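A structural walkthrough
Residue strings, one per chain:
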Amino acid sequence: MNSALMDNPVNTMEETDGNSGSQNAAERLREKIANRTARVGVVGLGYVGLPLAVEFARVGYHVTGIDLQQSKVDSINRGESYIQDVPTSVMEPLVKAGRLNATTDFSVISELDTINICVPTPLRKTKDPDMSYIVSACQEIAQYIHAGTLTILESTTYPGTTDELVLPMLERDGLKVGEDFFLCFSPERVDPGNPKFQTYNIPKVVGGITPACTALGKHFYSQALETVVPVEGTRVAEMVKLLENTFRMINIGLVNEMALMCGRMGINVWEVIEAAATKPFGFMPFYPGPGLGGHCIPVDPFYLSWKSKQSGIEARFIELAGYINGQMPHFVVEKVQNALNDQTKALKGSHVHVLGVAYKRDIDDVRESPALDILHLLLQKGARVSYSDPFVPSLRVEGGGALESQDPVELAEAADCVVIITDHTGFDYRTVVERAKVIVDTRNALKRYTAGNIVRL
Ligand code: SAJ
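Residues numbered from 1 in each chain as written. Predicted model: local features only at pLDDT ≥ 70, side-chain atom pairs only at ≥ 80, totals over all residues. Heavy atoms only, no water.

Quick notes on the state of the cysteines
In total, this model carries zero disulfides according to the counting rule given. With no disulfide of its own, Cys 118 has Cys 138 as its nearest cysteine by sulfur position, at a separation of 12 Å. (Disulfide = S-S within 2.5 Å.)

See below:
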């Protein structure tokens, strides 16, 4: 924790709206934030909300977490963390000192001065934004919000959400934004499990409905986070996150298409990317894979394309990249089919063993994991499937029921074909290469091996 943060860093001159009332409300809140008497609230205690709550409790605020799940609330009040990036050893003393507690009761908001909203923003099956979590959180908050509060939405969403959807829900009883209460957007940039970048040292972008809102948002985050980046308005702040993650999704789509091209031309795409990455400027390597998993990259860009379409512009890059990334599971199954064919085996009736089902290396999250699509496609084509993943002991597969993680080496030997979907560092790749009949490697996990039984993406 950066000790300098304890000394309440100096903030630049803050704009106000020139109204003595707003200066009173803004100045009162500024003072409470500065002397740590402000009561901080966080709605949504997942991988974004809980680390944020802990950072503010650590610098001296009284923080109240609000979540619908009683189990999360009880765990926090026992001082037990359920989030990988928040050690219980850090959280427990804060709970014992009375600086952090949790509740399912939104009425506590009537006693709070700041509220961060960190609820999920998934996609519906139709790839349209599912705003239900934000709407229900704001409906609750609106009942208890009072003059002098600062509300900051952190959930990733389309540009315009804060001013078009949230603001009208909070503006009530004549409360005027920028004068009586303050409203900002600040994109979450949490990267679960990242050993170098955690909540306190990831630069924090924040934009308000009015300059007074932005100033208070900057003042608030500056108390607990190392770097704060104020921007002009909430829409800029909303768009920042979408650019960041759309950039990733489209570049992953590009290298996936490169993999398809190189496959047809007999070129090793991994060598191409490795060599291109020696360029010291103007290039950033991305790597092909079995598809796009996780709850950010496959989701966030479609919040942008949905809004863009409403504004009359087709987001063609996003749609195309989404299509290419969505084709990768089919491409992998085709590789497996061809690998079996080379052994004069049909996919139907063959045993295919999958190594790694989490959506990326060394984590336990299977949300949107391409492994789920690949297992489903293999079952649809009549293959028998099994998997190994040290982070995922059991898995439900559409059309395949519940599967249990098996021993990787044993099953590699028994199966007709092994396919590496997630390249966890803990797998014994050397023995798998020795024992397997054929291995389809979608992650270049076997780049150091030259055995003849390896088929690369
Ligand atoms: N993937 C590829 N090729 C790549 C990179 C990723 O196929 O070159 C795949 C991964 O296997 C995974 C999916 O894309 O299935 C997403 O991977 P990711 O590395 O983007 O990881 P995420 O989904 O955890 O993304 C988060 C994001 N963080 C936030 O939204 C706050 C993203 O902005 C980060 O850049 C990313 O973590 C990160 O860098 O770890």
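What about the domain arrangement of the protein?
Each assigned domain of the protein is listed here: domain 1 (9-231) and domain 2 (247-456). For domain 1 and domain 2, the distance between their C-alpha centres works out to 37 Å. With 15 residues of domain 1 in contact, the opposing surface of domain 2 contributes 10 residues. Between domain 1 and domain 2, a total of about 1,200 Å² is buried, with carbon and sulfur atoms accounting for 64% of that surface. Taken together, the links from domain 1 to domain 2 amount to two salt bridges. Two residues, Asp 191 and Lys 360, come together in a salt bridge whose shortest N-O distance is 3.6 Å. If you look at where domain 1 meets domain 2, you find five residue pairs in polar contact (both at pLDDT 80 or more). Of the residues in the side of domain 1 that touches domain 2, the class split is seven nonpolar, three polar and five charged. (Domains from an automatic or database assignment. Contact = heavy atoms within 4.5 Å. Buried area = accessible area lost by both parts, 1.4 Å probe. Salt bridge = Lys/Arg side-chain N within 4 Å of Asp/Glu carboxyl O. Polar contact = N/O pair within 3.5 Å; in protein donor to acceptor, adjacent residues only side chain to side chain. Nonpolar A, V, L, I, M, F, W, Y, C, P; charged D, E, K, R; others polar.)

With respect to the sheet that holds strand E6 (residues 182-185)
Strand order in this open sheet of eight strands is E3-E2-E1-E4-E5-E6-E7-E8, and the pairing throughout is mixed. Strand pairing shows two members of the sheet lacking a second neighbour, strand E3 (100-103) and strand E8 (228-231), which therefore form its edges. Direction aside, the axes of adjacent strands within the sheet are offset by 25° on average. Sheet topology places E6 next to strand E7 (residues 204-208); two bridges connect them, and they run antiparallel. Pairing of Phe 185 across the sheet is with Gly 207, part of E7. Of the strands in this sheet, strand E1 (39-43), strand E4 (114-117), strand E5 (150-153), E6, E7 and E8 are in contact with helix H7 (residues 211-222), which crosses E7 at around 155°. (Pairing = 2+ DSSP bridges. Helix = DSSP H or I, 4+ residues; strand = E, 2+ residues; numbered from the N terminus. Axes fitted to C-alpha atoms, helices over the stretch in contact; angles between N-to-C directions.)

A few points about empty space enclosed by the protein
Gaps left between atoms show up when a probe the size of a water molecule is rolled over them. Scanning all chains against the criterion turns up two cavities of 30 Å³ or more. Taken as a whole, the largest cavity spans an internal volume of roughly 90 Å³. Around the largest cavity sit Val 48, Leu 52, Glu 154, Glu 188, Arg 189, Val 190, Thr 199, Ile 202, Pro 203, Lys 204 and Leu 225, which together line it. Partitioned by chemical class, the residues of the lining of the largest cavity number six nonpolar, one polar and four charged. (1 Å grid on protein atoms, 1.4 Å probe; cavity = no way out; pocket = protein on both sides within 12 Å on 5 of 7 lines; lining within 4 Å. Points joined across faces, edges and corners; volume = space filled by probe spheres on them.)

A short note on the environment of Pro 370
Counting through the fold element by element, Pro 370 comes out in helix H12 (residues 370-380). Each C-alpha atom of the pair Pro 370 and Val 357 lies 7.8 Å from the other, and the pair is 13 residues apart in sequence. Not counting residues within four places of it along the chain, the set of residues in contact with Pro 370 comprises Pro 290, Gly 291, Leu 292 and Gly 293.

What to know about the site of the ligand
Near the ligand you find 17 residues, and of these Asn 245, Arg 248, Tyr 287, Gly 293 and Tyr 359 are the closest. Separating an oxygen atom of the ligand from a side-chain N or O atom of Arg 248 is a distance of 2.8 Å. Burial of the ligand by the protein amounts to 84% of the accessible area it has alone, namely 740 Å². Residue composition of the shell around the ligand, by class: eight nonpolar, two polar and seven charged. There are two domains that each give the shell around the ligand at least three residues, and those are domain 1 (9-231) and domain 2 (247-456). (Near = heavy atom within 4 Å. Areas by Shrake-Rupley, 256 points an atom, 1.4 Å probe, with all protein chains shown as cover.)

Comments concerning the packing of aromatic side chains
Counted under the stated rule, the structure contains six aromatic pairs. Judged by centre distance (5.6 Å) and plane angle (75°), the rings of Phe 247 and Phe 286 are edge-to-face. Separated by 39 residues along the polypeptide, Phe 247 in helix H8 (residues 234-265) and Phe 286 in the loop between helix H9 (269-276) and helix H10 (300-310) bring together distant segments of the chain. Taking the relative accessible area as the measure of exposure, Phe 247 reaches 37% and is therefore partly exposed. (Phe/Tyr/Trp six-rings, centres within 6.5 Å; stacked < 30°, edge-to-face > 60°. Buried < 20%, exposed > 50% of the residue type's maximum accessible area, 1.4 Å probe, protein only.)

A closer look at the sheet that holds strand E15 (residues 454-456)
Read from one edge of the open sheet, five strands run E10-E9-E13-E14-E15, paired in parallel fashion. Where the open sheet ends on each side, the last strands, each with one partner, are strand E10 (384-388) and E15. Strand-to-strand, the axes of this sheet are offset by a mean angle of 20°, without reference to chain direction. The pairing of strand E13 (residues 417-420) with strand E14 (residues 439-441) spans three bridges and is classified as parallel. When the bridges of E14 are listed, Val 419 appears paired with Val 440. Seen against the sheet, helix H11 (residues 316-341) touches strand E9 (351-355), E13, E14 and E15 and runs at an angle of roughly 155° to E13.

Here's the deal with helix H5 (residues 132-144)
Here H5 contains 13 residues, and its C-alpha end-to-end distance of 19 Å stays within 8% of the 18 Å for a straight helix at 1.5 Å per residue. Buried within H5 are the following residues: Ile 134, Ala 137, Cys 138, Ile 141 and Ala 142. The buried residues of H5 occupy an angular sector of 135° when projected down its axis, which confines them to one face. Those residues of H5 that are buried are in contact with E1, E4, E5 and helix H6 (161-170). (Expected span 1.5 Å × (residues − 1). Arc of directions from axis to C-beta.)

Some thoughts on the packing of H11 against H12
As a packed pair, H11 and H12 sit with axes 9 Å apart at the nearest point and diverge in direction by 50°. Of the possible angle classes, the one that applies to H11 and H12 is oblique. Handedness of the crossing formed by H11 with H12: right-handed. Note on element contacts: H12 touches H11 through Asp 373, Ile 374, Leu 377 and Leu 378, opposite Pro 329, His 330, Val 332, Val 333 and Val 336. (Parallel < 35°, antiparallel > 145°, perpendicular 65-115°, else oblique. Left-handed = near helix turned anticlockwise from the far one by under 90°.)

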